[in-house]
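Geometric and topological summary
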Amino acid sequence: MTVRRIQRKTTSSWRIDFAYTCPISGARLRHRSTHNGITRREATDLERSIHAQLTEPPPEPETLAEATLLRDFAAHWLATRTPTLAASTRDKYESTCRNHLVPTFGHLPLAAITTHDVEVWVHDRMGESPKPRAKTLKNQVAVLRRIFTDAKKWGYATDNPVDRVAPIRPDPKKPRHTVPLHRIEDFVAVAKTHAGPAAAPLITALLTGMRLGEVAALTWGSLDFDARQIHVVASVTRGTVGTPKGKVARKVPMHPLLVPVLQAHKRTHPTLVFPYQPDPLRARDAKRIRDTPFLDSNRLKHPLRRVCTALGIEQVNIHGLRHSFGSMLAEADQHPTRIQALMGHADLKTTQQYLHTPDEALVAAIHALTPSHNKRGQDSTKTMDTNLSV
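First, a word on scope: everything that follows refers to the structure included in this document. (Residues numbered from 1 in each chain as written. Predicted model: local features only at pLDDT ≥ 70, side-chain atom pairs only at ≥ 80, totals over all residues. Heavy atoms only, no water.)

A look at the environment of Ile147
Quick note on the threshold: Secondary structure elements follow DSSP: runs of H or I no shorter than four residues count as helices, runs of E no shorter than two count as strands, and numbering proceeds from the N terminus.
With respect to the helices and strands, Ile147 occurs in helix α5 (residues 134–154). Sequence separation of Ile147 and Trp77 is 70 residues, and the distance between their C-alpha atoms is 7.0 Å.

And the structure:
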């Protein structure tokens, strides 16, 4: 096992790196993680704790009661699986088990839970007010499916009833509003006058396509003004710093409009470029007690609303700035693989979900069908008339 110090320009962190044998599959795996703000002794203790969690074998089926309750197995499943998951995924799994699965199925033995029971639970959830999103419910069913998959693999169950549950029909897609390509300069100018301290992170999100967690985790050492690049190497999820989504770092070139914004941005934190700062136009922000220095969506959504209102465009949410970035690249005729690399997507199919055609382009497409707007159509008509006359 290895604990190694990583020295950066403004701070240092500890890298935990070791190989281990998975007690479930028997495969040789490797664990790597980086932790900030801890001492060497704390890093060593954390390494031992993680290694113990990853190498502890699950109890043998015969050591448990014949009718294992779902709440007991769910606790064991979380303890076995979650150490290898990202912080956001771990929180979602624990929340789903605590708030939905255990209250509904926790008192039942695994063998007693049927496909009908799961479908009745899905039906009841869809009848709740407010109705949960189909995607949310689908993710919760997926957690239950994975619990039964591992229970069957480890010998606690002989069947997975969730495999036969009818698919959940997706919700109708709502139109996602984005910032048009021709309004980039207007957005930058209006943000500077209407967004206050939130102007710089909003402009950065729009012109780089970075996720909110990546913007919040951006450090001064990640800005390379000489090469005009931003190194996206970390992301914040619920106050915890980890790797970007997909666990792959990337480099994003600085837009010409972004360079002066970052250079003029006042340094108020030793490491973070965009730490949390109260909104001067919202008195309640100054009264909030925070236990983390990281920026969050609540701090940006109100300034973003003011910017969209001043621009006279449809309201764009925080993640909509990332969609705007992808759509603007597509509107500029950039190849999808380039857009994929800039946005940090592992799958090109994900990138295609971010490419929205603006309304102006749709109007132009319809006008192209009109002969008066289509020179090619006029030329082809003249050629046809000439051929007919001959």
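Notes on the packing of aromatic side chains
Note the following rule: Each Phe, Tyr or Trp ring, with Trp reduced to its six-membered ring, pairs with another whose centre is within 6.5 Å; inter-plane angles below 30 degrees give stacked pairs, above 60 give edge-to-face pairs, and intermediate values give tilted ones.
By the definition in use, this model includes six aromatic pairs. Look at Phe105 and Trp121: their rings are 5.7 Å apart centre to centre, the planes differ by 75°, and that puts the pair in the edge-to-face class. Placement of the pair is Phe105 in helix α3 (residues 87–105) and Trp121 in helix α4 (residues 115–126), with a sequence separation of 16 residues.

So, helix α12 (residues 318–331)
So the rule is basically this: Given a helix with a known number of residues, its expected span is that number minus one, times 1.5 Å. Buried, partly exposed and exposed residues are distinguished by accessible area as a fraction of the type maximum, computed with a 1.4 Å probe on protein chains only: under 20%, between the cut-offs, and over 50%, respectively. Residue contacts are defined here by distance: any two heavy atoms, one from each residue, within 4.5 Å place the two residues in contact.
Helix length check: α12 (14 residues) gives 20 Å between terminal C-alpha atoms against 20 Å at 1.5 Å per residue, within 8%. Among the 14 residues that make up α12, eleven are buried, leaving the element largely enclosed by the rest of the structure. Burial in α12 covers these residues: Ile318, Gly320, Leu321, Arg322, His323, Ser324, Phe325, Gly326, Ser327, Met328 and Leu329. Elements that come into contact with the buried residues of α12 comprise α6 (184–194), α7 (199–208), α8 (212–216), β8 (250–253), α11 (297–311) and α13 (336–343). Asp333 occupies a position one or two residues after α12 and carries a positive phi of about 65°.

Remarks on empty space enclosed by the protein
So the rule is basically this: Points on a 1 Å grid over protein atoms alone make up a cavity when a 1.4 Å probe fits among them but cannot get out, and a pocket when they form an open set with protein on both sides within 12 Å along at least five of seven lines; lining residues each have an atom within 4 Å of a point. Grid points are joined across faces, edges and corners, and a volume is the space filled by probe spheres set on the points. Note on residue classes: Ala, Val, Leu, Ile, Met, Phe, Trp, Tyr, Cys and Pro are nonpolar, Asp, Glu, Lys and Arg are charged, and everything else, Gly too, is polar.
Counting across every chain of the model gives one cavity of 30 Å³ or more. Computed from the structure, the largest cavity encloses a volume of approximately 60 Å³. Pro197, Ala198, Pro201, His265, Val273, Phe274, Pro275, Gln277, Leu295, Arg299 and Leu300 together form the lining of the largest cavity. For the lining of the largest cavity, the residue count by class is eight nonpolar, two polar and one charged.

Here we look at the sheet that holds β8
Keep this limit in mind: What makes two strands pair is DSSP finding at least two bridges between them.
Ordered in space as β4-β5-β8, the three strands form an open sheet in which the pairing is antiparallel. Since the sheet does not close on itself, it has two edges, and those belong to β4 (223–224) and β8, each with one partner. Pairing between strand β5 (residues 229–232) and β8: four bridges, direction antiparallel. Residue pairing in the sheet places Val232 in a bridge with Arg250 of β8.

Topic: the nonpolar core
Soluble globular proteins: nonpolar side chains tend toward being buried together. Convention followed: The nonpolar core is taken to be a set of buried Ala, Val, Leu, Ile, Met, Phe, Trp, Tyr and Cys residues, with the residues joined through side-chain atoms within 4.5 Å.
By size, the foremost hydrophobic cluster in this structure holds 47 residues, and its most contacted members are Phe187, Leu202, Leu223, Ile230, Phe274 and Leu321. Listed by contribution, the elements that provide at least two residues to this core are α6, α7, α8, β5, α9 (258–264), α11 and α12. The element contributing the most residues to this core is α7, with seven residues. With sequence-adjacent residues up to four places away left out, Phe187 is seen in contact with Val179, Leu202, Ile203, Leu206, Leu304, Val307, Leu311 and Leu321. The next biggest cluster of nonpolar side chains, apart from the first, holds 29 residues, and it includes Trp121, Val122, Leu137 and Phe148.

In short, the description is geometric, and any link to function would need to be established separately.
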